[in-house]
Amino acid sequence: MRPTLHMLSDDLIGRIVDEAKRVLAETGMEIRGPEMRRRLVEAGLPVSAGGDRVLFPRDVVERAIASAPSSFVLYDRDGNAHADLGGDRVHFVPGSSGLKWLDHRTGDVRLADSTDFVEYVRLADGLPHIAYLATAFSTNADIEAQVSDAWRLYLTLTNSRKPVVSGAFTEHGTMRMVEMMQLFRTDRADLIARPMSIFTITATGNFRYSEDSCQNLIDCVEAGIPVEIVPVTLMGLIAPVTTVGATVFHTVDVLAGITMAQVIRPGAPVLFGGAPATFHMKVASSPMSAVEALALDAAYVAVAKSLGLPCQSYMALSDGPILDAQAGAETFGSALIAALAGVNSVSGPGMLDFLLVFNLPKLVFDDEMCGQALRFVREIEPRDDLPVGPLIDQLMADQHLIMAEHTMAHWPTELYLPSPVVMRDNRENWTKAGARDTYRRASDEVDRRLARYRPIDTDALVDAELQRIIRSGLVTQTDLPMVPHAPEPTAAAMADDDSGGTSRRRVNPRRRPN
């Protein structure tokens, strides 16, 4: 049996879905993308009496749900199956939308740049519980805005083989990125058959889809890129403050996106996603780690699972400004809820300060929290321990089970051994070792892992074409930002790995399809 979390009764889920379908049919959505609106109307969807909203009849929504796949596989850069998204299979992914960088070497918070982004990719590439990557934060002023999405994708594709969660920043930015990813497949059909990315489509709120979101959704679905529909449901501001009401609002937004995707191309892979938060009534902030927001996460995931749809959420993150007790509690608490709820793609690790700040020590700390959450939800079943008579006999004979055959056979897979980021020694030994706090240990782990990063090869012609595609979108900028060279790891770095680092830790078996 797999440990799970049940937030809503089946009857209540049914009422929520029924109400969401009613709202879609009677209130509908404001579709600001003219091409999307045209396609929906041509497909037979009616408009409101005022002509400003597209209505989504119940039967159209139900056909869309039925045609959306219950799972799909992400492939790595080399075309190998990497992550199976569906069922209760959980994958943790760095958060997105950051603008700033908390530099662990100086302690400064500043605008991030391309050098920071490359370090992030090289670090995340080797983290065992970060299933795939995300174009996690902006590189700001070092590249023109209209190609910044493609530039981050380039840095990811040339420094890691892992799949990536990404998205376009402009109305017509998707196709440039599709062209880049297709360079790693034989043709467009191969990219559709073996997708290497998920693109985020944001529902604007107030039952509305913007021009950018509409066009990006069209482009992604036609290009075969799986999408995650991510409403930012703000409880108490643009959604009800209560869990059930907010879940209805959230479901309306997502089902509209799923329906549009299926109208464009039946069978298009779509994640039932979200990034809910509460509206703090005293300081006017929007914490995603608020316990009510986490309840909404788990509630809409329950709705997604009832409809047989794969799901995504923003969890395993912290709204706090630094890696401290609050950040640890918010990250592990939400990571554990996500794992128990069976969220297929969990965006959040590495993020601080309301998704504005990315921090590498936070990312390696979060990798540990995610690993422990994944360990908690492993199937629980007898493992040569029922009946326990032989184990009791062994204990009585030896007064311990340390060297018992059962212990030696099972402890490597049963007992999770964390990296040095997590302190498992007593205070005396901690003091002798320098009394380093969590942030210092995590910072040391960042540097140790970066020193061990092995550069990946990219065909020179492919690399040149990737850069040409990006340059073709530049307006006034003539040179692309410099990318720091990744040297081969030194013998000292690899010896450090062998001396007690994380190389002996087990790779999460839930990440990869059989």
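Refer to the preceding data block for the structure.
For clarity, every value in this text was computed on a predicted model and none was experimentally measured. (Residues numbered from 1 in each chain as written. Predicted model: local features only at pLDDT ≥ 70, side-chain atom pairs only at ≥ 80, totals over all residues. Heavy atoms only, no water.)

**What about the sheet that holds strand S4 (residues 91–93)?**
Here is the rule: Being paired, for any two strands, means DSSP has found at least two bridges between them. The secondary structure listing takes helices from DSSP runs of H or I that are at least 4 residues long and strands from runs of E that are at least 2 residues long, numbered from the N terminus. Think of each axis as a best-fit line through the C-alpha atoms, taken over the contacting stretch in the case of a helix, with angles from 0 to 180 degrees between the N-to-C directions.
Taken in spatial order, the 3 strands make up an open sheet running S4-S16-S15, and their pairing is parallel. Across the chains shown, the open sheet's two edge strands, defined by having one partner strand only, are S4 and strand S15 (312–314). Taking the axes of each pair of neighbouring strands and ignoring which way they run, one obtains an average angle of 20° across the sheet. Across 3 bridges, the pairing between S4 and strand S16 (residues 345–347) is parallel. Along S16, the bridge assignment pairs Val 93 with Ser 347.

**Topic: the sheet that holds strand S7 (residues 133–134)**
The strand order S7-S8-S9-S11-S13 describes an open sheet built from 5 strands, whose pairing is parallel. Since the sheet does not close on itself, it has two edges, and those belong to S7 and strand S13 (270–272), each with one partner.

**Focus on the packing of aromatic side chains**
Centre-to-centre distance and the angle between the planes together describe a pair of aromatic rings. Stated precisely, the cut-off is as follows: In this scheme Phe, Tyr and Trp rings, the latter by its six-membered ring, pair at centre separations within 6.5 Å, and the angle between planes marks the pair as stacked below 30 degrees, edge-to-face above 60, and tilted otherwise. Remark: exposure states derive from per-residue accessible area (1.4 Å probe, protein chains only) relative to the maximum for the residue type, with buried under 20%, exposed over 50%, and partly exposed in between.
Inspection of the entire model under this criterion finds 9 aromatic pairs. Taking the centre distance of 5.1 Å and the plane angle of 35° together, the rings of Phe 137 and Phe 358 count as tilted. Within this pair, whereas Phe 137 is found in the loop between S7 and helix H5 (148–157), its partner Phe 358 is found in strand S18 (residues 357–358), the two being separated by 221 residues in sequence. Just as Phe 137 is buried, Phe 358 falls in that class too. Centroid distance Phe 272 to Tyr 300: 6.0 Å. Interplanar angle 20°. Geometry classified as stacked. Here the residue Phe 272 occupies a position in strand S13, and Tyr 300 occupies one in helix H10 (residues 291–306), the gap between them amounting to 28 residues. For the pair Phe 272 and Tyr 300, one class covers both residues: buried. What links up through ring pairs into an aromatic cluster is the set Trp 101, Phe 117, Tyr 120, Phe 137 and Phe 358.

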